[in-house]
Amino acid sequence: METASYSKKYIILEKASLMFTQYGTQCLSMDDIANECGVSKRTVYKYFQNKADLINQIFGIRITRFSENLGDITIKSENAVVELHWFFKYYKEVISSYSPTFIRDFKRYHLQFFLKYSKVNNEIILPFFFKNIERGQLEGLYKEELDREELSPSIMNMLGYIFNDDSLTNIENAHGTLDFFGKLLMHRLVTVEGLDELNTLNP
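Position numbers for residues count from 1 along each chain, tracking the sequence in the order it is written. For this predicted model, a pLDDT threshold of at least 70 governs which residues receive local features, and a threshold of 80 or more governs which side-chain atom pairs are given and counted, while totals over whole chains, interfaces and linings are taken from all residues. Note that water and hydrogens are dropped before the side-chain values are worked out from all heavy atoms of the structure.

A.B. asks: Describe the nonpolar core, listing the residues and the values that go with them.
C.D. replies: Looking at soluble globular proteins, one finds that nonpolar side chains tend to be buried together. Put simply, buried Ala, Val, Leu, Ile, Met, Phe, Trp, Tyr and Cys residues joined by side-chain atoms within 4.5 Å make one nonpolar core. Between buried and exposed lies partly exposed: a residue is buried under 20% and exposed over 50% of the maximum accessible area for its type, with that area taken using a 1.4 Å probe on protein chains only. Counting residues in each nonpolar core, the largest one holds 59 residues, and the members touching the most others are Leu54, Leu84 and Tyr142. At 10 residues, the largest contribution of residues to this core is made by helix α7 (residues 111-139). Ignoring anything within four residues of it in the chain, the contact list for Leu84 reads Phe128, Phe129, Asn132, Tyr142, Leu185, Met186 and Leu189. Helix and strand definitions follow DSSP, with helices as H or I runs of at least four residues and strands as E runs of at least two, each counted in order from the N terminus. We call two residues in contact whenever any of their non-hydrogen atoms come within 4.5 Å of each other.

Structure representation (structure tokens):
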């Protein structure tokens with residue numbers, strides 16, 4: 001019975017997540033979500049107090065997955081250059097999953113949640129960059145004189161620019177900007193040895 005209940009809750013979370021990120025939060029009701037999931041609205045309310053609770057749980061899961069995926073990238077990458085290369089590829093996938101409508105709704109109608117999830121930049125992504133820089137320096141692939149604290153405002157500004165409703169209106173432009181920043185940052189970081197490694201990734 002617990003497995004069946006978990007399965008229903010999982011289905012609701014997964015389908016509602018796709019619906020919210022594609023269409024935004026305001027135009028969708030709990031009835032819409034129940035219909036899409038093939039369950040009654042009563043079943044939806046069995047697992048979630050209201051739409052805000054559903055949104056909160058969805059993005060709690062998304063943040064956990066994001067953090068875990070960054071951990072996997074670190075483990076599977078043979079060096080810091082490869083790690084950062086795969087970070088930018090993965091981040092492009094992440095921003096592609098959010099529509100401008102969702103970002104606009106999230107900021108306008110769910111400010112408390114938006115501010116909470118905005119901490120991802122400071123609490124997950126920035127530490128990832130710091131560890132990557134330290135790793136690259138130890139491997140001799142990044143310049144020894146790099147100052148992580150000096151680089152952090154540029155990194156945060158990039159993330160803030162990319163992940164907003166105006167930028168995401170044209171996802172190709174957002175990807176192009178992210179590619180440009182990624183190449184600029186990586187060329188700023190690498191030594192001659194690191195550049196050789198980078199050139200093998202971007203022939």
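Now, onward.
A.B. asks: Could you give me a rundown of the side chain of Asn132, with the residues and numbers involved?
C.D. replies: Relative to the elements of secondary structure, Asn132 occurs in helix α7. Among the residues examined, Asn132 registers a relative accessible area of 0% and is labelled buried. Here a polar contact is taken to be a pair of N or O atoms separated by no more than 3.5 Å, where protein atoms must pair a possible hydrogen donor with a possible acceptor and residues adjacent in sequence count only if both atoms sit in side chains. A polar contact is formed between the side chain of Asn132 and the side chain of Glu83, at a distance of 2.7 Å. Once you skip the residues sitting within four places of it in the chain, Asn132 turns out to touch Ala80, Glu83, Leu84 and Tyr142.

A.B. asks: Now, about the environment of Cys27: what can you tell me, with residues and values included?
C.D. replies: Residue placement: Cys27 occurs in the loop between α1 (2-23) and α2 (30-37). Considered as a pair, Cys27 and Asp105 are 78 residues apart in the sequence and their alpha carbons are 9.5 Å apart.

A.B. asks: Hey, could you go over the environment of Ile63 for me, with residue numbers and the actual values?
C.D. replies: With respect to the helices and strands, Ile63 occurs in helix α4 (residues 51-76). Residue classification places Ile63 among the partly exposed residues on the basis of a relative accessible area of 22%. It is 9.1 Å that separates the C-alpha atoms of Ile63 and Ile124, two residues lying 61 residues apart in sequence.

A.B. asks: An account of the pattern of salt bridges is needed here, citing residue identities and associated values.
C.D. replies: For this document, the term salt bridge refers to a Lys or Arg side-chain nitrogen within 4 Å of an Asp or Glu carboxyl oxygen. Going through the model one piece at a time under the given rule, you end up with five salt bridges. Glu14 is paired through a salt bridge with Arg65; the nearest N and O atoms lie 2.6 Å apart. Here Arg65 lies in helix α4 and Glu14 lies in helix α1, a separation of 51 residues in the sequence. Taking relative accessible area as the criterion, Glu14 reaches 24% and is therefore assigned partly exposed.

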